[in-house]
Amino acid sequence: MKLKDELEGEIKELYVYLTGPGMPGLKGGLVDGEGFPIFDAEKLISIKTARGDYARKQNDYTAAMKEIDRLTQSFFAVDDPKPIKEYVGTKSTSDSNSNDTKPTDEEQSYSTLQPVALVKEVSPGSPAYSAGLFSGDLIVKYGTVIMKPGVSPDDALKSIGAITLARKGETIPVVVKRISNREEYKKLSLIPQAWSGRGLLGCHIIKP
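Rules behind the numbers
- Residues numbered from 1 in each chain as written.
- Predicted model: local features only at pLDDT ≥ 70, side-chain atom pairs only at ≥ 80, totals over all residues.
- Heavy atoms only, no water.
- Helix = DSSP H or I, 4+ residues; strand = E, 2+ residues; numbered from the N terminus.
- Buried < 20%, exposed > 50% of the residue type's maximum accessible area, 1.4 Å probe, protein only.
- Phe/Tyr/Trp six-rings, centres within 6.5 Å; stacked < 30°, edge-to-face > 60°.
- Expected span 1.5 Å × (residues − 1).
- Salt bridge = Lys/Arg side-chain N within 4 Å of Asp/Glu carboxyl O.
- Patch = residues over 30% accessible without salt bridge, like charges linked within 9 Å, V, L, I, M, F, W, Y side chains within 5 Å.
- Areas by Shrake-Rupley, 256 points an atom, 1.4 Å probe, with all protein chains shown as cover.

### Topic: the environment of Thr-62
- Summarising the element assignment, Thr-62 is placed in helix H2 (residues 41-75).
- Judged by its relative accessible area of 40%, Thr-62 falls in the partly exposed class.

### As for the packing of aromatic side chains
- By the definition in use, this model includes one aromatic pair.
- Seen from their ring centres, Tyr-110 and Tyr-185 are 6.2 Å apart, and the 40° between their planes marks the pair as tilted. Of the two residues, Tyr-110 is situated in helix H3 (residues 105-110) and Tyr-185 in strand E4 (residues 183-190); the sequence distance between them amounts to 75 residues.
- Its relative accessible area of 13% is what places Tyr-110 among the buried residues.
- You can call Tyr-185 buried: its relative accessible area is 11%.

### Quick word on helix H5 (residues 153-166)
- In this model H5 runs 20 Å from its N-terminal to its C-terminal C-alpha over 14 residues, within 8% of the 20 Å that 1.5 Å per residue would give.
- Along H5, the residues classified as buried are Ala-156, Leu-157, Ile-160, Gly-161, Ala-162, Ile-163 and Thr-164.

### Thoughts on the pattern of salt bridges
- Overall, the coordinates contain seven salt bridges when judged by the stated rule.
- A salt bridge links Glu-10 to Lys-57; the nearest nitrogen and oxygen atoms lie 2.9 Å apart. Of this pair, Glu-10 sits in helix H1 (residues 2-18) while Lys-57 sits in helix H2; the two residues are 47 residues apart in sequence, bridging distant segments of the chain.
- Residue class for Glu-10 comes out partly exposed when judged on its relative accessible area of 32%.
- Overall, Lys-57 belongs to the partly exposed group, its relative accessible area being 22%.
- Residue Lys-186 is joined to Glu-184 by a salt bridge in which the shortest nitrogen-to-oxygen separation is 3.8 Å.
- The exposure class of Lys-186 is partly exposed, given its relative accessible area of 31%.

### Observations regarding a nonpolar patch on the surface
- On the surface, a cluster of nonpolar side chains totalling about 260 Å² of accessible area is made up of Tyr-15, Val-16 and Leu-26.
- Within the secondary structure layout, Leu-26 lies in the loop between H1 and H2.
- Judged by its relative accessible area of 30%, Leu-26 is partly exposed.

Take a look at the structure:
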């Protein structure tokens, strides 16, 4: 993420320089804003160097984004897709009158949130399993990530991956929507970390 931010800043600086007043732009002939050739040798060298740097950093940025996508997928890797922890929906003593239970104020506040991801699979013994995630859970909040207007599901998954990497070994608060006998919201504490399987979470998270 740090490299990505640095590249974005450097690309922006080069763009502003090359498209500024009296400059020829990102490509094309070496002429000024009025169409006259640029004869200043020092300026010509500076422009050619900036154009070359701009092209290289664009390539580096593309490679960085591909690596972030790859890491995002690896964070959610499931060691064995067959043994899945599923929520059966068995009533506990506290849920004996669940049909008559009204949602709490906190649950009502979460109910306004749209899901950012769906937990499809959870490997036994994984950090996700230990945190209490179940197959079928809808994640409505992951750390600071919530679904906002203009944010695509793909962007939300990338943000989840970035937070997972940045907070390895730290507790990430997660809120999930779970439907058993009734719709309810669960607050969980998830700690991304290395374990006996693959990835830092040990679960398969997809777009809702």
